[in-house]
Amino acid sequence: MRLLAAVKPWLRAHPLAADALLAWHVLVLALLVPADKPGRIAPPDAETTALIVLGCVLLVFRRRRPVHVWAATVLVGAVGVGHSAGATTATFPTAVALYTLATRWPRRQAVRFALTTAVATVCGLMVSDPSNWQSPTTYGAFTWSALSTAIGLAVQSSRAVLAAAEERAQRAEQTREQEAQRRVAEERLRIARELHDVVAHHVSVVNVQSGVALHLLDSDPEQARDAVTHVRRASGQVLDEMAHLLGVLRTNEDGAPVAPAPRFERVGELVESMGRAGLRVSCEVVGAARPLPPLLDLTAYRIVQEALTNASKHGSGSAELEIRYKADVLVLLVTSPLRADGSVGTGGRAGHGLVGMRERVDALGGGLTAGPRGSRWLLRAELPLAAAADGASVPAGAGR
């Protein structure tokens, strides 16, 4: 078995050698007919042996010229049965050639080849002895022709099924690779968005408060100390949230410790932190607060966080936040006055923050608009409300 497993790949790579080996086996089988059973198949004489050898030589080229080899072996077989006036092993190469055609041609054409083979063989018998038409063995040519064709068609069908299965497997593998690449791209985008949302707010606080401390260091040490305290607190929060985020990235999905995502109910804390950073924020909730599905809950929090962060970095020191609960949509409005020099406030520069907010809103099927409105910068996000999910949050303590 090991030898056969080692030889098979070599034979597939050298089809001519494989056909020569097959022809040799057919030749040996055709010449080793028992001489004590003349009633069945006549033992080959010299002329029949020559025909058998010729037919087996033709089989060496059965894959390169299948139709030509089949026609030549049919002629050899017909001459053989005519010479022997009965069944003879000279038809063995014909059966192999007919099988080869059946594995390659459509079913109807293969049946025509089989009928032609059987008729040619029967005609050879009739020419040698017209009385053979009364012998039932004469029509055995139809039986072995049909058998060779049936085996060839079965092999063709099996190969087609195997090829189709391999094609489906390859297509499935390509689909899996494309899906994996798509998931990787989405995950990279999500990580980049989360990293921006986590870091930008607190870094903005650090930047503003460190500037205040530097400005007041000589004139008002106490207020400078308070600013440095805010810097220390904000930097500590950055480190904590970065540690949580990196912890998620370094662990797998099976039982990995995952930090809870920010909840919309913590908007009040976010407003207070922005106030400590020097941004005066007024917050108003319109309508009855209700539970939010987890994804919408996180998206709403991140939008408010990014909008207030941009107002702190690019605005003039104040912002208004309005949360409207409508029948089927949650509306978030963040406005901030333009600077005295007329430059754009919240998110005016082309950065990743506004892009990330649009991506989050688009993922929920909502809409987001941002831009100057008169003397103010307005950001408006509309998030469709879905059915409340388990564990959803309600924005408590959002106002001041």
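None of these values were measured; they are calculated from a predicted model. (Residues numbered from 1 in each chain as written. Predicted model: local features only at pLDDT ≥ 70, side-chain atom pairs only at ≥ 80, totals over all residues. Heavy atoms only, no water.)

1. Quick notes on the overall build of the protein chain
Okay, step 1: Of the regular secondary structure elements, the protein chain holds 11 helices and 5 strands.
Okay, step 2: Buried residues in the protein chain amount to 37% of all 400 residues.
Okay, step 3: Considering only contacts in the protein chain between residues 6 or more positions apart, those separated by 24 or more positions represent 73%.
Okay, step 4: Accessible surface computed for the protein chain: about 22600 Å², of which carbon and sulfur atoms make up 60%. (Helix = DSSP H or I, 4+ residues; strand = E, 2+ residues; numbered from the N terminus. Buried < 20%, exposed > 50% of the residue type's maximum accessible area, 1.4 Å probe, protein only. Contact = heavy atoms within 4.5 Å. Areas by Shrake-Rupley, 256 points an atom, 1.4 Å probe, with all protein chains shown as cover.)

2. Some remarks on the pattern of salt bridges
Okay, step 1: A complete count under the given rule lists 11 salt bridges for this structure.
Okay, step 2: The partner of Glu167 in a salt bridge is Arg171, and the shortest N-O contact between them spans 2.8 Å. With Glu167 and Arg171 both in helix α7 (residues 140–216) and 4 residues apart, this pair spans about one turn of that helix.
Okay, step 3: One salt bridge connects Asp297 with Arg263, and the closest N-O pair in it is separated by 3.7 Å. Note that Asp297 is positioned in helix α10 (residues 294–314) and Arg263 in the loop between α8 (221–250) and α9 (267–276), a separation of 34 residues in sequence.
Okay, step 4: Accessibility expressed as a relative area gives 2% for Asp297, which makes it buried.
Okay, step 5: Judged by its relative accessible area of 28%, Arg263 falls in the partly exposed class. (Salt bridge = Lys/Arg side-chain N within 4 Å of Asp/Glu carboxyl O.)

3. Comments concerning the environment of Asp129
Okay, step 1: Position of Asp129 among the secondary structure elements: in the loop between α6 (107–128) and α7.
Okay, step 2: You can call Asp129 partly exposed: its relative accessible area is 29%.
Okay, step 3: For the pair Asp129 and His83, spaced 46 residues apart in the sequence, the C-alpha separation amounts to 9.9 Å.

4. A few points about the side chain of Thr91
Okay, step 1: Considering the arrangement of structural elements, one finds Thr91 in the loop between α4 (66–84) and α5 (92–102).
Okay, step 2: Not counting the four nearest positions on each side in its chain, Thr91 is found in contact with Gly77, Val81 and Trp144.

5. Description of a nonpolar patch on the surface
Okay, step 1: Side chains of Val111, Leu115, Val119, Trp133, Tyr139 and Phe142 sit close together on the surface and give an oily, nonpolar patch of about 550 Å² of accessible area.
Okay, step 2: It is α6 that contributes the most residues to the nonpolar patch, 3 residues altogether. (Patch = residues over 30% accessible without salt bridge, like charges linked within 9 Å, V, L, I, M, F, W, Y side chains within 5 Å.)

6. With respect to α6
Okay, step 1: Here α6 is 22 residues long and its end C-alpha atoms lie 32 Å apart, about the 32 Å a rise of 1.5 Å per residue gives.
Okay, step 2: Within α6, the full set of buried residues consists of Ala110, Phe113, Ala114, Thr117, Ala118, Thr121, Val122, Gly124 and Leu125. For α6, the arc enclosing every buried residue in end-on projection is 160°, short of the 170-degree limit, so these residues lie on one face. Seen from the open side of α6, the exposed residues pointing more than 90 degrees away from its buried face are Arg108 and Val127. (Expected span 1.5 Å × (residues − 1). Arc of directions from axis to C-beta.)

7. A closer look at the nonpolar core
Okay, step 1: Formed by 32 residues in total, the largest nonpolar core has its most connected members in Phe264, Leu308, Leu321, Ile323, Leu330 and Leu332.
Okay, step 2: Of all the secondary structure elements, the ones that give two or more residues to this core are α9, β1 (280–286), α10, β2 (318–325), β3 (329–337), α11 (352–363) and β5 (376–384).
Okay, step 3: Core analysis: the next-biggest nonpolar cluster, separate from the first, contains 18 residues, Cys56, Ala97, Phe113 and Ala114 among them. (Core = buried A, V, L, I, M, F, W, Y, C linked by side-chain atoms within 4.5 Å.)

8. Considering the packing of aromatic side chains
Okay, step 1: All chains considered together, the criterion is met by 2 aromatic pairs.
Okay, step 2: An angle of 65° between the planes, with centres 4.8 Å apart, marks the rings of Trp70 and Phe113 as edge-to-face. Of this pair, Trp70 sits in helix α4 while Phe113 sits in helix α6; the two residues are 43 residues apart in sequence, bridging distant segments of the chain. Each member of the pair Trp70 and Phe113 is classed as buried.
Okay, step 3: Among the aromatic residues, those joined into a ring-pair cluster are Trp70, Trp105 and Phe113. (Phe/Tyr/Trp six-rings, centres within 6.5 Å; stacked < 30°, edge-to-face > 60°.)

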